[in-house]
Amino acid sequence: MIFGGDMRSSGGNGVAQADSAIRRRVVGGAAITALGGLLFGYDTGVVSGALLFLRHNFGGLSNIQEELVTSLLLVGAMAGALLAGRLADRIGRKPTILITATVFVVGVLLAAFTPSYAVLLVARVIIGLAVGASSLTVPLYIGEAAPPAVRGGLVSLNQLAITIGILVSYLVDYGLASSGNWRLMFGLAALPAVLLFIGILTQHESPHWLVERGRETEARAVLARLRRPDEVEPEVTEIREVISRGRGGLRELLAAAVRPALFVGVMMAVFQQVTGINTVIYYAPSLLHDAGLGASSALLANVGIGIVNVGMTIVAIRLLDRTGRRPLLIFGSAGMAVGMCAAALAFLGGTHLSGGRAAVAIGALVLYTGSFAIGLGPVFWLLISEIYPLRVRGSAMSVASMANWAANFVVTVSFLTLLSAIGGTGVFFLFGFLTLVAIWFFIRRVPETKGRSLPAIEADLRRRSPETPPQQQLPPGQMGHAA
Ligand code: BGC
């Protein structure tokens, strides 16, 4: 079992059996839903390798045309994140994921069979819509089905799936390199998309959303599959109580009680991107190649970075429900800052790296990526599934995810220009500095949510809002220490 929290019971054999059935359903449901994360990772990762072969088609692509193939996915993702949150609040989590899986299949097949460059661009926007939608619906849906004690690990299966998706895309690109079959590189994603659709059909609607819609009998039936019998009624009551306090709609989203959480989510989203992760994920091979490494060493180093990304995410999943979110976030970010500064120093003597400096650069990028994977990577997507009131959870997650995709877009399209303007040392020091600013923000503003039920987190955040008299407010980071 890779989860850190405790779901076990101390009861007799019958209780233990019932518990293991519950665990199977909870973990199985989360794993199926996380296929959405796999698609997120695969579709964002596959393009770097596919471009190498794609660029000789359709009469040859210019640099700008290549950039469009990459970045239009990010534009689509912004729109997908915007639409999916409202949809998930209106029609439910399950139908929204089914629609997302359908859009994935359509987009991926369109890209694989595209007759022209223009249609390929349309396909990339469609895939982006689905990637953006799944980036928030997956953690949302898993988070609402998960028992509080293991929620951190379960929701972060999404991040694990993202990293596996990225790694698989590198390997597929590498494996298909000799045939140059970019259509298959894109098209293979149809498989997990179909599996996601079929898998979600076997799952139930989120109990939180059902209570919110007044469908308590159905919610109880769903919870009965996912909780011990004595946990069902208190959870329904707890959800009902927080709903009675919220108003819902756009007003609630911008209400003083929700604004602090909205701010934290958006800032974490921006920090997750402006500290440079995707410059490593998308550009590491070309960066190392340009710095003098042979193509195959650069690709190998890249696969190494991908493996560390997956491995450290597994470590995070084990720790999130034990140590809590804040320590991993803060220490992970500190490791990222050290990694970026070391990378900056490696590039200090010029852009051509040889011998020791190449090893330092690769080591620095590995340290940076591993530190991201244990902290800011999983914690951002986890926290935004935990800190918003149920009435506006989908819409609020939309805002945070959109901010993430927008920041990703800005960094991705400006990175190469920035690199030629201020060099590797300048760019990496900039990322290192921004990581320090991020750490300062995390220490001051990010709450601890370990082990608490979502309604309890919501009640606490309301108590911390500016509408609450100062004497009843909680300091940052304190949430979660008291039950
Ligand atoms: C980020 C992605 C990034 C991935 C890398 C995710 O948490 O949102 O932008 O590519 O982690 O593992």
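Definitions and cut-offs
Residues numbered from 1 in each chain as written. Predicted model: local features only at pLDDT ≥ 70, side-chain atom pairs only at ≥ 80, totals over all residues. Heavy atoms only, no water. Helix = DSSP H or I, 4+ residues; strand = E, 2+ residues; numbered from the N terminus. Rg over C-alpha atoms; globule rule 2.2 N^0.38 Å. Buried < 20%, exposed > 50% of the residue type's maximum accessible area, 1.4 Å probe, protein only. Lys, Arg positive; Asp, Glu negative; His and termini not counted. Charge placed at Lys NZ, Arg CZ, Asp CG, Glu CD. 1 Å grid on protein atoms, 1.4 Å probe; cavity = no way out; pocket = protein on both sides within 12 Å on 5 of 7 lines; lining within 4 Å. Points joined across faces, edges and corners; volume = space filled by probe spheres on them. Patch = residues over 30% accessible without salt bridge, like charges linked within 9 Å, V, L, I, M, F, W, Y side chains within 5 Å. Areas by Shrake-Rupley, 256 points an atom, 1.4 Å probe, with all protein chains shown as cover. Salt bridge = Lys/Arg side-chain N within 4 Å of Asp/Glu carboxyl O. Near = heavy atom within 4 Å. Polar contact = N/O pair within 3.5 Å; in protein donor to acceptor, adjacent residues only side chain to side chain. Nonpolar A, V, L, I, M, F, W, Y, C, P; charged D, E, K, R; others polar. Axes fitted to C-alpha atoms, helices over the stretch in contact; angles between N-to-C directions. Parallel < 35°, antiparallel > 145°, perpendicular 65-115°, else oblique. Left-handed = near helix turned anticlockwise from the far one by under 90°. Contact = heavy atoms within 4.5 Å. Expected span 1.5 Å × (residues − 1). Core = buried A, V, L, I, M, F, W, Y, C linked by side-chain atoms within 4.5 Å.

Colleague: Mind showing me how you'd approach the overall build of the chain here?
Modeller: What the chain contains, in helices and strands, is 21 helices and 0 strands. On C-alpha atoms alone, the chain measures out to a radius of gyration of 22 Å, which is about the 23 Å that the 2.2 N^0.38 rule sets for 483 residues. If you line up the chain on its principal axes, its C-alpha atoms span 60 × 50 × 50 Å. Residue burial in the chain is summarised as follows: out of 483 residues, 58% are buried. Both charge centroids of the chain, one from 37 positive and one from 26 negative side chains, sit 2 Å from each other.

Colleague: Would you mind showing me how to read the environment of Leu109 here?
Modeller: Tracing the backbone shows Leu109 in helix H4 (residues 93-112). With 81 residues separating them in the primary sequence, Leu109 and Ala190 have C-alpha atoms 6.8 Å apart.

Colleague: Hey, could you run me through empty space enclosed by the protein in this one?
Modeller: Where empty space is left can be seen by rolling a probe of water-molecule size over the atoms. Evaluated as defined, the whole model comprises 4 cavities of 30 Å³ or more. When its volume is computed, the largest cavity comes out at roughly 180 Å³. Looking at the largest cavity, it is lined by 18 residues, and the ones nearest its centre are Phe40, Ile162, Ile166, Gln273 and Asn278. Looking at the lining of the largest cavity, the elements with two or more residues in it are helix H2 (35-54), helix H7 (157-175), helix H14 (259-274), helix H15 (277-290) and helix H20 (393-445).

Colleague: Looking at this model, I keep getting lost on a nonpolar patch on the surface. Mind explaining?
Modeller: On the surface, a nonpolar cluster with roughly 330 Å² of combined accessible area is contributed by Val194, Phe197, Ile198 and Leu201. Among the secondary structure elements, Phe197 is positioned in helix H9 (residues 190-201).

Colleague: Sorry, what's going on with the site of the ligand here?
Modeller: The environment of the ligand is formed by 13 residues, the closest being Gln159, Gln272, Gln273, Asn278 and Trp381. Between an oxygen atom of the ligand and a side-chain N or O atom of Gln273, the distance comes to 2.9 Å. Separating an oxygen atom of the ligand from a side-chain N or O atom of Trp381 is a distance of 3.0 Å. Burial of the ligand by the protein amounts to 99% of the accessible area it has alone, namely 310 Å². Looking at the shell around the ligand, the elements that each hand over two or more residues are H7, H14, helix H19 (376-384) and H20. Here the residues of the shell around the ligand are counted per class, giving 4 nonpolar, 9 polar and no charged.

Colleague: I would appreciate a short explanation of H19 in the present structure.
Modeller: One turn of an α-helix holds 3.6 residues; hence residues three or four places apart share an orientation. With respect to burial, H19 is a largely interior element, 9 of its 9 residues being buried. Along H19, the residues classified as buried are Leu376, Gly377, Pro378, Val379, Phe380, Trp381, Leu382, Leu383 and Ile384.

Colleague: Looking at this structure, I do not really get the packing of H14 against H19. What am I missing?
Modeller: In contact at an axis separation of 10 Å, H14 and H19 are set at 155° when each is read in the N-to-C sense. Regarding the angle of H14 to H19, the classification is roughly antiparallel. Both H14 and H19 take part in a crossing whose hand is left-handed. Side by side, H14 and H19 meet where Gly265, Met268, Ala269, Phe271 and Gln272 of the first sit next to Leu376, Gly377, Val379, Phe380, Trp381, Leu383 and Ile384 of the second.

Colleague: Would you explain H9 in this entry?
Modeller: If you check H9, its first and last C-alpha atoms are 17 Å apart, about what 12 residues at 1.5 Å a residue would give, namely 16 Å. All of the buried residues in H9 are Ala190, Pro192, Ala193, Leu196, Gly199 and Ile200.

Colleague: Just checking my understanding: could you explain the environment of Arg220 for this structure?
Modeller: With respect to the element layout, Arg220 can be found in helix H11 (residues 216-226). Through-space distance from the C-alpha of Arg220 to that of Glu233 is 7.5 Å; in sequence the pair is 13 residues apart. Not counting residues up to four positions away in its chain, the partners in contact with Arg220 are Val232, Glu233, Val236 and Arg240.

Colleague: Any chance you could explain the nonpolar core here in plain terms?
Modeller: A general trend in soluble globular proteins is that nonpolar side chains are found buried together. Counting residues in each nonpolar core, the largest one holds 147 residues, and the members touching the most others are Phe186, Met268, Tyr388, Trp405 and Phe442. With 14 residues, the single largest contributor to this core is H20. Filtering out sequence-adjacent residues up to four positions away, Phe442 remains in contact with Met268, Phe271, Arg326, Leu329, Ile330, Ser333 and Leu376.

Read these as geometric descriptors, not functional statements.
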